[in-house]
2 protein chains.
Amino acid sequence: MKGHQVTIIDIAKKLGISKSTVSRALTNNPNVNPETRKAVLEMAKTLDYQPNMLALGLIKNETRMLGVIIPDIQKPFFAAIVSGIQHAVGRMGYRTIIAQSDESPQIEKENIQALMLSRVDGFLICHTRDTRNFDQIKLLYQKGFPLVSFARICQGLPIPKVVEDDFNGLYTTTQHLIERGRKRIALLAGPKHLQASKLRQQGYLSALRQNGIGFDNELVAHTRFLADDVAVAVNRWLALAEPPDAICTIYDGGAVQVMQLLKSRGVNVPGDIAVAGFGNDPASGLVEPGLTTFEQRPYEIGQAAGKHMLDILKKRFGDVPPEITISEGRLVVRGST
Amino acid sequence: MKGHQVTIIDIAKKLGISKSTVSRALTNNPNVNPETRKAVLEMAKTLDYQPNMLALGLIKNETRMLGVIIPDIQKPFFAAIVSGIQHAVGRMGYRTIIAQSDESPQIEKENIQALMLSRVDGFLICHTRDTRNFDQIKLLYQKGFPLVSFARICQGLPIPKVVEDDFNGLYTTTQHLIERGRKRIALLAGPKHLQASKLRQQGYLSALRQNGIGFDNELVAHTRFLADDVAVAVNRWLALAEPPDAICTIYDGGAVQVMQLLKSRGVNVPGDIAVAGFGNDPASGLVEPGLTTFEQRPYEIGQAAGKHMLDILKKRFGDVPPEITISEGRLVVRGST
DNA sequence: GTGAAAGCGCTAACAG
DNA sequence: CTGTTAGCGCTTTCAC
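This structure is a prediction, so every number in the text was calculated from the model and none was measured.

A.B. asks: Kindly report on the overall build of chain A, identifying the contributing residues and their values.
C.D. replies: If you tally the helices and strands in chain A, you get twelve helices and twelve strands. Relative to the 2.2 N^0.38 estimate, which gives 20 Å for 337 residues, the radius of gyration of chain A is 26 Å and therefore markedly larger than a compact globule would have. Projected onto its principal axes, the C-alpha coordinates of chain A cover approximately 90 × 40 × 35 Å. For chain A, the exposed surface amounts to about 14,800 Å²; the carbon and sulfur share of it is 52%.

A.B. asks: A description of the domain arrangement of chain A should follow, citing residues and the corresponding values.
C.D. replies: Residue and element names in this part refer to chain A. We note that the domain assignment places domain 1 (8-51), domain 2 (63-164 + 298-328) and domain 3 (166-295) within chain A. For domain 2 and domain 3, the distance between their C-alpha centroids amounts to 29 Å. Domain 2 puts ten residues into the contact, and the matching count from domain 3 is twelve residues. Summed over both sides, the interface of domain 2 with domain 3 buries roughly 1,100 Å², with 50% coming from carbon and sulfur. Contact with domain 3 buries surface across domain 2, with R129, Q155 and E164 losing the most and accounting together for 50% of the total. A salt bridge links E164 to R200, with the shortest nitrogen-to-oxygen separation between them at 3.1 Å. Joining domain 2 to domain 3, the criterion identifies six residue pairs in polar contact (both at pLDDT 80 or more). A class-by-class count of the residues in the side of domain 2 that touches domain 3 yields three nonpolar, two polar and five charged.

A.B. asks: Run through the protein's contact with DNA strand C, naming residues and quoting values.
C.D. replies: Around DNA strand C, the structure places 24 residues, and the nearest of them are T21 and R24 of chain A together with K19, S23 and Y49 of chain B. In DNA strand C, atoms within 4 Å of the protein come 59% from sugar and phosphate. Between DNA strand C and the protein, one listed contact pairs a base nitrogen with a side-chain N or O atom of R24 of chain A at 2.7 Å. I8 of chain B has a polar backbone atom sitting 2.7 Å from a phosphate oxygen of DNA strand C. Tallied by class, the residues present in the surface near DNA strand C amount to ten nonpolar, eleven polar and three charged.

A.B. asks: Lay out the interface of chain B and chain A with the relevant residues and their values.
C.D. replies: Taken together, the 54 residues of chain B in the interface contact 54 residues of chain A. Interface of chain B and chain A: buried area, both sides summed, is about 4,800 Å²; carbon and sulfur atoms make up 53% of it. Where chain B packs against chain A, one counts four salt bridges. Among the salt bridges present, the one from D48 of chain B reaches K143 of chain A, with a minimum N-O distance of 2.5 Å. For the interface between chain B and chain A, the tally reads 23 residue pairs in polar contact (both at pLDDT 80 or more).

A.B. asks: Which residues make up the environment of P105 of chain B, and what values go with them?
C.D. replies: All names here are of chain B. Position of P105 relative to the elements: it lies in helix α6 (residues 105-117). Along the chain, P105 and R24 lie 81 residues apart, while their C-alpha atoms are 47 Å from each other. In this structure P105 touches T128, D130 and T131, once residues within four positions along its chain are discounted.

A.B. asks: How would you sum up the protein's contact with DNA strand D? Please name residues and give values.
C.D. replies: Every one of the 25 residues lining DNA strand D counts as a neighbour, but K19 and Y49 of chain A together with S20, T21 and T36 of chain B are closest to it. Sugar plus phosphate, as a fraction of atoms of DNA strand D within 4 Å of the protein: 55%. In this structure, N52 of chain A approaches DNA strand D through a main-chain N or O atom, which is 3.3 Å from a phosphate oxygen. Within the side chain of T36 of chain B, a nitrogen or oxygen atom sits 2.7 Å from a phosphate oxygen of DNA strand D.

A.B. asks: Kindly report on the sheet that holds strand β6 (residues 185-189) of chain B, identifying the contributing residues and their values.
C.D. replies: In a beta sheet, neighbouring strands are held together by backbone hydrogen bonds and run either parallel or antiparallel to one another. Residues and elements named next belong to chain B. Read from one edge to the other, the open sheet built from six strands follows the order β7-β6-β8-β9-β10-β12, with strand pairing classed as mixed. Two strands lie at the open edges of the sheet, namely β7 (220-222) and β12 (330-332), each paired on one side alone. Within this sheet the neighbouring strands show an average axis-to-axis angle of 20°, counted without direction. Inspection of the sheet shows β6 paired to strand β8 (residues 246-249) by four bridges, in the parallel sense. Looking at the pairing, I185 lines up with A246 of β8. In the packing of helix α8 (residues 166-179) onto the sheet, the strands contacted are β6, β8, β9 (274-279), β10 (292-295) and β12, and the crossing angle to β9 comes to about 160°. Sitting on the sheet, helix α11 (residues 252-264) touches β6, β8, β9 and β10, and the angle it makes with β9 is about 155°.

A.B. asks: Could you give an account of the packing of helix α1 (residues 8-15) of chain B against helix α2 (residues 19-26) of chain B, with specific residues and numbers?
C.D. replies: All names here are of chain B. Interhelical geometry of α1 versus α2 gives an angle of 110° and a closest axis separation of 8 Å. With respect to each other, α1 and α2 are oriented roughly perpendicular. Relative to α2, the crossing made by α1 is right-handed. Residues I8, I9, I11 and A12 of α1 lie in contact with α2, whose contacting residues are K19, V22, S23 and L26. For the contact of α1 with α2, the residue count by class is six nonpolar, one polar and one charged.

A.B. asks: I'd like a rundown of the packing of aromatic side chains, residues and numbers included.
C.D. replies: On inspection of all chains with the given rule, the structure shows ten aromatic pairs over all chains. Measuring from centroid to centroid gives 4.8 Å for F225 of chain A and Y251 of chain A, while their planes differ by 80°, and the two rings are edge-to-face. Pair noted here: F225 of chain A is in the loop between β7 (220-222) and α10 (227-238) and Y251 of chain A is in the loop between β8 (246-249) and α11 (252-264), with a separation of 26 residues, a long-range link. Judged by relative accessible area, which is 22%, F225 of chain A ranks as partly exposed. Summarising the aromatic geometry, the rings of F123 of chain B and F145 of chain B are spaced 5.5 Å apart at their centres and angled 70° between planes, so their arrangement reads as edge-to-face. In this pair, F123 of chain B sits in strand β3 (residues 122-125) while F145 of chain B sits in the loop between α7 (135-142) and β4 (147-150), placing the two residues 22 residues apart along the sequence. Judged by relative accessible area, F145 of chain B falls into the buried class, the value being 7%.

Procedures and definitions
- Residues numbered from 1 in each chain as written.
- Chains lettered and ligands numbered in written order.
- Predicted model: local features only at pLDDT ≥ 70, side-chain atom pairs only at ≥ 80, totals over all residues.
- Heavy atoms only, no water.
- Helix = DSSP H or I, 4+ residues; strand = E, 2+ residues; numbered from the N terminus.
- Rg over C-alpha atoms; globule rule 2.2 N^0.38 Å.
- Areas by Shrake-Rupley, 256 points an atom, 1.4 Å probe, with all protein chains shown as cover.
- Domains from an automatic or database assignment.
- Contact = heavy atoms within 4.5 Å.
- Buried area = accessible area lost by both parts, 1.4 Å probe.
- Salt bridge = Lys/Arg side-chain N within 4 Å of Asp/Glu carboxyl O.
- Polar contact = N/O pair within 3.5 Å; in protein donor to acceptor, adjacent residues only side chain to side chain.
- Nonpolar A, V, L, I, M, F, W, Y, C, P; charged D, E, K, R; others polar.
- Near = heavy atom within 4 Å.
- Pairing = 2+ DSSP bridges.
- Axes fitted to C-alpha atoms, helices over the stretch in contact; angles between N-to-C directions.
- Parallel < 35°, antiparallel > 145°, perpendicular 65-115°, else oblique.
- Left-handed = near helix turned anticlockwise from the far one by under 90°.
- Phe/Tyr/Trp six-rings, centres within 6.5 Å; stacked < 30°, edge-to-face > 60°.
- Buried < 20%, exposed > 50% of the residue type's maximum accessible area, 1.4 Å probe, protein only.

Given below as structure tokens:
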């Protein structure tokens, strides 16, 4: 059982002084006799005094805790982001409470609610793939909570955002495939309403257009990032009269699955069909052939998000421009193309 | 800016009653007029009242926050454990504060210190690979903090522990290699002082002994789980007059590196040398040939740890047997053997 | 320099 | 059933 915790009153009693003086000594208040301070500090050490952050938080109305809302910590992408956030805000003494939504908008909502009650000092949020209703985060905004949105961002709110290099990523990758002589390039996209998916698709379309390649609606498939969706898409494409000679995807996980499916069908990669991904997940370097992919640096995304949060926290009463930070990437060419 | 937060006093004033009554109404205390309660609840909703957990925590001396100390959230193993913990304790309304030590005993110590100040209700701890001094966690124990140790456990403290199937894992794997006709089986181990590494090595030795295979000290290499250590070990083994015909490792990451090194040297896997891992990390299914490995279920380890924590938290004044839970595993045979 | 008192938001006796 | 009082641990006026 957690026994009685040492308080400033204990120190005060032992020293025969008032708790105010102890408080002053402990908080480096100048109005305190050096001798007294010395005695207090010593006694604090002797008694192993630990300040009670709850009491402090109650007074200052802050917890030095930040809420981090993510879909799934087991995805390397989010794990790296979390790591970046922690390292960025940890320097300033902020702790992070991680809450996973498991891609459920409902759980996301509950998590935000719960962390709001816990009085976190701010939120760093990445929405689920299915979040369409942003009332919850708008409520946070109205209440004045410091907010940063990343990866799957909430538009229309004047808050800092950090996103991946969506448009450029697919533009560059598609361009690369075209340079490799591919003519019928399929796209494995994400949910239609997701901004990141939209932008990546635009990058893909833009590259096609610039190279005078006609757009074939048959060659675009929307997924919810689920394995089943990928299988359906690949089957459909392979059954086409004129199947694709390349498949680019907006996420590495999908690309890896595509490669496995093609392999099991006896389709040669990249001989028959080239495959490209997005993200440079750890998996992309392990599969064979290695996956050509547009590298993202999720750790840096996390750091950028963390820094934005610190900015807001610092100048609480100042203006923080709701700038959107795009984390640059680069094409990593491997055997799959 | 976060404006004035609504308190029970605001509700009380609006309704012209005392704050005690409001408190009672809100906490489902039976001693309150149903009509009054209704009015309070309505007003609370109207004003969008949010209870202040800090004030509550101050009184009850609890935060419903748990500290989770891990080396690195970017390792799939730890990410899965964290996920398991969160899902287990989340049901009971506990939140988790994740702190990464980055494998630094010093940072581990600081993290524990910081979370202690934040008054978390308990700790779930996995030490760094280099932690040898357990004073910090012993101090926590003395102070009466609910404690659960997992994966890299702290021995000698009567607290619940959850570990992987260390001995069996390497015993089974080694046995499997012997059945495949391998005679000179090398072992890529971890730091000598790590209990998990010791047990796995014992499993390896036990299998050799039972099959009448002599132990060759040359064939055992200790690493700090670093890539450089692995390279040194592999080089040494390949330079041997009689090189190994199999390499088993106590962690998948090492096995994957071994495979890559062997491949780059033109050594055939499993033709010349078979390779086996431990953990069944996502990577083990992606490399080629697929890595034979002893599956662990880190998510379940996390769940078990979380449940132990809830047990302690529940019967704070009762006895919680410091049982050690071994999360069972099984051999997953793939192409590498 | 130091002590007494008020108060952060809330619950929990204690009186009615 | 409800209001008053005290107090969780601490900081911060306000006196002296």
